[in-house]
Amino acid sequence: MSLLRVAGRPMLASMFIAGGLNSVRNPEAVAPVAEPVVRPLAERVGVLPDRTEQLVRLSGAVQVAGGVLLGIGRLPRLSALALAATLVPTTLAGHRFWEAEDEGERAQQLIHFLKNLSMLGGLLIAADDTGSAPSLLWRGRHAAKGARRDARLVGRSVRAACRPGATTGGIKSKLGI
């Protein structure tokens, strides 16, 4: 694993671990802010809890688990996707700069919104990172290409091996032997 991955993944994960722990320990502080996003989300996805505090706590737990896994490099692609999935509603609920009336508050919320947007970009890059190992798609294509090449070689070998026999058979048939 490269030094950039060893250092970068824990740095990216740190914010999610800290924020997730806060949400798990104290969901009541975040619940009023999360309410406008939680209601429509809970109505559309039936498996999610109905209570806002429970959903905030669940999101925090996913962030802690995903952050730890990403930070230590275990299942980094899956954990990055899980973190990205929790970051979208968190950003939409927590940093609604378009609703802020005070210019100073609006500027602060916009900065936090853009910070979360950049973290989302980092998570998407991490989710796509194969860690210098070829992806399953590349491996499949490479194996298929190798199989086609081997099949062509076998075909050539069979034709080359059969040529002398075919020539002999053709001569014998012409001679009537």
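Before reading further, recall that the structure is shown in the block above.
Peer 1: Give a detailed account of a negative patch on the surface, specifying residues and quantitative values.
Peer 2: On the surface, a cluster of negative charge is contributed by Glu101, Asp102, Glu103 and Glu105. Its relative accessible area of 77% is what places Glu101 among the exposed residues.

Peer 1: How would you sum up the nonpolar core? Please name residues and give values.
Peer 2: Counting 13 residues, the largest nonpolar core has Leu12, Phe16, Leu70, Ala80, Leu83, Leu87 and Leu123 as its most contacted members. Taken together, the elements giving at least two residues each to this core come down to helix H1 (3–25), helix H4 (76–94) and helix H5 (103–128). Broken down by element, this core gets its largest block of residues, 5 residues, from H5. Apart from the residues within four sequence positions on either side, Leu70 is in contact with Arg9, Leu12, Ala13, Pro76, Ser79, Leu83 and Leu123.

Peer 1: Break down a positive patch on the surface for me, citing the residues and quoting the values.
Peer 2: Where like charges cluster on the molecular surface, the positive patch consists of Lys145, Arg148, Arg149, Arg152, Arg156, Arg159 and Arg163. Relative to the elements of secondary structure, Arg152 occurs in helix H6 (residues 136–175).

Peer 1: Account for the environment of Glu99, with residues named and values stated.
Peer 2: Structurally, the position occupied by Glu99 is in the loop between H4 and H5. Given the relative accessible area of 46%, Glu99 is considered partly exposed. Separated by 10 residues in the primary sequence, Glu99 and Gln109 have C-alpha atoms spaced 9.6 Å apart.

Peer 1: Go over the packing of aromatic side chains, please, and point to the residues and values.
Peer 2: For the structure shown, the criterion picks out 3 aromatic pairs. Taking 6.1 Å as the distance between ring centres and 90 degrees as the angle between the ring planes, the aromatic pair formed by Trp98 and Phe113 counts as edge-to-face. Note that Trp98 is positioned in the loop between H4 and H5 and Phe113 in helix H5, a separation of 15 residues in sequence. One aromatic cluster is present, built from ring pairs that chain together Phe97, Trp98 and Phe113.

Peer 1: Before we move on, can you summarise the pattern of salt bridges with the specific residues and values?
Peer 2: Considering all chains together, one arrives at 5 salt bridges under this definition. Here Asp129 and Arg9 are joined by a salt bridge, their closest N and O atoms 3.4 Å apart. One end of the pair, Asp129, is in the loop between H5 and H6; the other, Arg9, is in helix H1, with 120 residues separating them in the sequence. On the basis of relative accessible area, Arg9 is assigned to the buried category, the value being 9%. Taking the shortest distance from any N to any O, the salt bridge between Arg39 and Glu35 comes out at 2.6 Å. Pair noted here: Arg39 and Glu35 are both in helix H2 (residues 27–44), with a separation of 4 residues, about one helical turn. What emerges from the salt-bridge pattern is a single network uniting Arg5, Arg9 and Asp129.

Peer 1: Tell me about the side chain of Gln63, residues and numbers included.
Peer 2: When you line up the elements, Gln63 lands in helix H3 (residues 52–72). With near-sequence residues (within four places) excluded, Gln63 lies in contact with Phe16, Ile17, Gly19, Gly20, Leu83, Thr86 and Thr90.

Basis of the calculations
- Residues numbered from 1 in each chain as written.
- Predicted model: local features only at pLDDT ≥ 70, side-chain atom pairs only at ≥ 80, totals over all residues.
- Heavy atoms only, no water.
- Patch = residues over 30% accessible without salt bridge, like charges linked within 9 Å, V, L, I, M, F, W, Y side chains within 5 Å.
- Areas by Shrake-Rupley, 256 points an atom, 1.4 Å probe, with all protein chains shown as cover.
- Salt bridge = Lys/Arg side-chain N within 4 Å of Asp/Glu carboxyl O.
- Lys, Arg positive; Asp, Glu negative; His and termini not counted.
- Charge placed at Lys NZ, Arg CZ, Asp CG, Glu CD.
- Buried < 20%, exposed > 50% of the residue type's maximum accessible area, 1.4 Å probe, protein only.
- Core = buried A, V, L, I, M, F, W, Y, C linked by side-chain atoms within 4.5 Å.
- Helix = DSSP H or I, 4+ residues; strand = E, 2+ residues; numbered from the N terminus.
- Contact = heavy atoms within 4.5 Å.
- Phe/Tyr/Trp six-rings, centres within 6.5 Å; stacked < 30°, edge-to-face > 60°.

So far we have only geometry, and geometry alone does not tell us how the molecule works.
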